[in-house]
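Listed below, chain by chain, are the residues.
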Amino acid sequence: MTKEEALAEVAKRIAACERCKYVPNQNPVPGEGNPDAEIMFIGEAPGAKENETGRPFVGAAGKFLEEMLNSIGLEREDVFIANIIKYQPPGNRDPEPDEIALQLPFLKKQIAIIQPKLICFLGRHSMGAFLGDIGKTISQIHGQLIEKDGQQYLPLYHPAAALYNGGMRQTLLDDFSKIPEYMDEIAPSD
Ligand code: URA
């Protein structure tokens, strides 16, 4: 099975997960991008626009994410973009721990298929889902490479949080600008 086929299989299982849906017949947002991506971006949960289209980060936060990708010479299609939660929670509320526990295995499977060199957390929820309580907040460790169990992670602020906060917006752009260097460190190209 190719990576593309394996990812399509996971997307099918997400679409079939009735317990994951908040309303009947809800659109799944499994995630999308390059099956061979070296970098994955993990957000929290789909919002209204994502729920409508079935695609991650297509609203205002997604526009800013694309702008940041472009700022380091990347397009959406070069990376893989996904969320921990695959369906829009009611009223965009934060996902509950039991919902994360139910849905996280889908994302873990996507990661196992893609085998990215770097996983960028977009916001504290995705950071918490992978790193647990490490005694540090995202404001303390954003932009710093973290290794856990042989996987490299980069915590970043969530682009939605930065939309109306000029300082945070610049911080996110600055953190993004470090990604090419980090990639060179992780996977030097000769
Ligand atoms: N915010 C997220 O965390 N994920 C999306 O897909 C869109 C907005």
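Scroll up to find the structure this text is about.
Presented here is an overview of the structure given in this document. (Residues numbered from 1 in each chain as written. Predicted model: local features only at pLDDT ≥ 70, side-chain atom pairs only at ≥ 80, totals over all residues. Heavy atoms only, no water.)

Here helix α8 (residues 166-177) crosses helix α9 (residues 179-186) at 30°, and the two axes come no closer than 5 Å. Looking at the two axes, α8 sits roughly parallel to α9. Counting all contacts with α8, which are made through D175, F176 and S177, the residues of α9 involved are I179, P180 and E181. (Axes fitted to C-alpha atoms, helices over the stretch in contact; angles between N-to-C directions. Helix = DSSP H or I, 4+ residues; strand = E, 2+ residues; numbered from the N terminus. Parallel < 35°, antiparallel > 145°, perpendicular 65-115°, else oblique. Contact = heavy atoms within 4.5 Å.)

Scanning the entire structure with this criterion turns up 1 disulfide. Between the sulfur atoms of C17 and its disulfide partner C20 the distance amounts to 2.1 Å. Judged by the sign of its S-S torsion, about 75°, the bond between C17 and C20 is right-handed. Just as C17 is buried, C20 falls in that class too. (Disulfide = S-S within 2.5 Å. Buried < 20%, exposed > 50% of the residue type's maximum accessible area, 1.4 Å probe, protein only.)

What follows is about the sheet that holds strand β6 (residues 151-156). The sheet built from 6 strands is open, its strands ordered β1-β3-β2-β4-β6-β5 with mixed pairing. If you trace the sheet from one side to the other, it starts and ends with β1 (32-33) and β5 (146-148), each paired once. Note: strand β2 (residues 39-43) against strand β3 (residues 80-83), 4 bridges, orientation parallel. Each residue of the ladder has a partner; that of I42, found in β3, is A82. (Pairing = 2+ DSSP bridges.)

The angle between the axes and the distance between the axes are what describe a pair of packed helices. The N-to-C vectors of helix α3 (residues 60-71) and α8 enclose an angle of 40°; their axes lie 9 Å apart at closest approach. Our classification of the angle between α3 and α8 gives oblique. You can see that α3 and α8 cross each other, and the crossing is right-handed. Here F64, L65, E67, M68, L69 and S71 of α3 lie close against α8, whose contacting residues are R169, L172, L173 and F176. Residues belonging to the contact of α3 with α8 are distributed by class as follows: 7 nonpolar, 1 polar and 2 charged. (Left-handed = near helix turned anticlockwise from the far one by under 90°. Nonpolar A, V, L, I, M, F, W, Y, C, P; charged D, E, K, R; others polar.)

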